[in-house]
Amino acid sequence: MEFDRNEVVELLGRLSNAKAPSGFEDETISVVREFCQGWAEVRTNSLMDGLIYPKSFTGEKPVLMLDAHGDEVGGMVRSIRSNGTMSFVELGRFSPHVLAGQEVLVRNTEGEWVHGVIGVKPPHFMSEEERARGAEDLILDVGATSKEEACEIFHMGMGEPFVPATQFSWDRERGIAFGKAFDCRAGVTALLLALRGLAGKDLPFDIVASISSMEEVGERGVAAAARALHPQLAFMFEGCPADDTFLAPDDVQAALHKGPMFRYLDCCMITNPRYQRFVLKAARDASLKVQTSVREGGGTDGGPVHLLDIPSVVAGVPCRYVHAGCAICALDDIEETARVAIAVAEALTPEAAARF
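Attention in this report is confined to the structure presented alongside it. (Residues numbered from 1 in each chain as written. Predicted model: local features only at pLDDT ≥ 70, side-chain atom pairs only at ≥ 80, totals over all residues. Heavy atoms only, no water.)

## Remarks on the overall build of the protein
Okay, step 1: Within the protein one finds 10 helices and 17 strands.
Okay, step 2: Taking 2.2 N^0.38 as the reference for a compact globule, 356 residues should give roughly 21 Å; the C-alpha atoms of the protein span a radius of gyration of 21 Å, in line with that estimate.
Okay, step 3: C-alpha extents for the protein along the principal axes are approximately 65 × 45 × 40 Å.
Okay, step 4: A burial count over the protein gives 56% of its 356 residues as buried.
Okay, step 5: The contacts in the protein between residues at least 6 apart in sequence include a share of 75% that link residues at least 24 apart.
Okay, step 6: Distance between charge centroids for the protein: 4 Å, based on 34 positive and 52 negative side chains. (Helix = DSSP H or I, 4+ residues; strand = E, 2+ residues; numbered from the N terminus. Rg over C-alpha atoms; globule rule 2.2 N^0.38 Å. Buried < 20%, exposed > 50% of the residue type's maximum accessible area, 1.4 Å probe, protein only. Contact = heavy atoms within 4.5 Å. Lys, Arg positive; Asp, Glu negative; His and termini not counted. Charge placed at Lys NZ, Arg CZ, Asp CG, Glu CD.)

Here it is, written out as structure tokens:
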């Protein structure tokens, strides 16, 4: 299946620019709902999981659930200090040291997103001890000079979220995209392309999808989505960390331009080997590119779902520098991930699924 590259870029860009840290996924769901208009219904629950039912859904067939998480790493205001700066907590986990000096967007109590910066003490004011240990006492700063100004003029408030202020861009000639939140908006893009490609097909399974919430704070939303959708199988999409810029060539398991990465192991799941073999064979039979990995760290929505006795696999779109202010991905990897999902769904039969 071929995709309109301009449409793929527009969708990825809108999703990347959506400001949706864990617990605040509304903007992601808004983009998803608009994309699905005319061919699928998008429902939400109290966790802000997006549950997508294509018009072809019958309710009479076994269910294959596609999933990608709609949140991103971000932060939340913890307190407002007398000098107008704020302390904060992370929602999810940024890579070490990337927050210092990061331009951010902070939502205020009136729903407006205000520019700010993660402030760090300049080296001019550091003691020798601070220099030696590389200490970073980070603060959130929108330019206020007092607590009263922060609250009354900037309308800052405890519990309000922030995200990196990075804006999406792409290199048309080389097919490379730059932006925030590719973990997992690259996965959401691939999911939506695959789901729309499958929506009109007469298959033995009903294909539904979840854009699940709060993955970055412990895969919290996907279990509720699975309980609502009642799948027999799950096919997860991720924006997985590419490792091709810092490992020896023989150890690279997630490189750009080599298709989705399927993990055999991570910290939350040993992938069902029978289902994994089926998926990899379906991709080979369709002459599609895939890569595989064994990961010691990192978890995905596959963790909670496979514990519900639902066989799950995870297709990761390789993205360099996830959990930082800006990531890099290749558009052809997003498109290939969608193609693999379509090939797997078309090859699935209830008899094959029963053997997983």
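Still more ground to cover, so stick around.
## Remarks on the side chain of Glu-238
Okay, step 1: As for its placement among the helices and strands, Glu-238 is situated in strand 13 (residues 233-241).
Okay, step 2: Despite its burial, Glu-238 pairs with no opposite charge; the closest candidate is Arg-263, at 6.0 Å N-O.
Okay, step 3: Leaving out residues up to four positions away in the same chain, Glu-238 has contacts with His-69, Asp-183, Cys-184, Gly-187, Glu-215, Thr-300, Val-314, Ala-315, Gly-316 and Val-317. (Salt bridge = Lys/Arg side-chain N within 4 Å of Asp/Glu carboxyl O.)

## Things to note about the environment of Asp-266
Okay, step 1: With respect to the secondary-structure elements, Asp-266 resides in the loop between strand 14 (261-265) and helix 7 (273-285).
Okay, step 2: Each C-alpha atom of the pair Asp-266 and Gly-298 lies 6.1 Å from the other, and the pair is 32 residues apart in sequence.
Okay, step 3: Setting aside chain neighbours within four positions, we find Asp-266 in contact with Arg-295, Gly-297, Gly-298, Gly-299 and Thr-300.
Okay, step 4: Of note is the side chain of Asp-266, whose polar atom sits 3.2 Å from the side chain of Arg-263.
Okay, step 5: A distance of 2.9 Å separates a polar atom in the side chain of Asp-266 from the backbone nitrogen of Cys-268. (Polar contact = N/O pair within 3.5 Å; in protein donor to acceptor, adjacent residues only side chain to side chain.)

## Section: the pattern of salt bridges
Okay, step 1: Applying the stated criterion across every chain, the model contains 18 salt bridges.
Okay, step 2: With a closest N to O distance of 3.7 Å, Glu-2 and Arg-339 form a salt bridge. Of this pair, Glu-2 sits in the segment before helix 1 (5-17) while Arg-339 sits in helix 9 (residues 331-347); the two residues are 337 residues apart in sequence, bridging distant segments of the chain.
Okay, step 3: Note on Glu-2: relative accessible area 71%, which makes it exposed.
Okay, step 4: According to the relative accessible area criterion, Arg-339 is buried, its value standing at 13%.
Okay, step 5: For Arg-185, the salt bridge identified is with Glu-72, shortest N-O distance 3.0 Å.

## Brief notes about helix 2 (residues 26-36)
In an α-helix, one turn spans 3.6 residues, which is why side chains three or four residues apart end up on the same side.
Okay, step 1: Thr-28, Ile-29, Val-31, Val-32, Phe-35 and Cys-36 are the residues of helix 2 that are buried. In a view along the axis of helix 2, the buried residues occupy a sector of 160 degrees, so they form one face of it.
Okay, step 2: Close packing links the buried residues of helix 2 with helix 1, strand 1 (40-44), strand 2 (50-54), helix 5 (182-199) and strand 12 (206-212).
Okay, step 3: Downstream of helix 2 by one or two residues, Gly-38 has phi in the positive range, about 100 degrees. (Arc of directions from axis to C-beta.)

## Section: the pairing of strand 6 (residues 103-107)
Okay, step 1: Pairing between strand 6 and strand 7 (residues 113-119): five bridges, direction antiparallel. By the bridge assignment for strand 7, Val-106 is matched with Val-114.
Okay, step 2: For strand 6 and strand 9 (residues 161-164), the ladder comprises three bridges, and the chain directions are antiparallel. Of the residues in strand 9, the one forming a bridge with Val-104 is Pro-164. (Pairing = 2+ DSSP bridges.)

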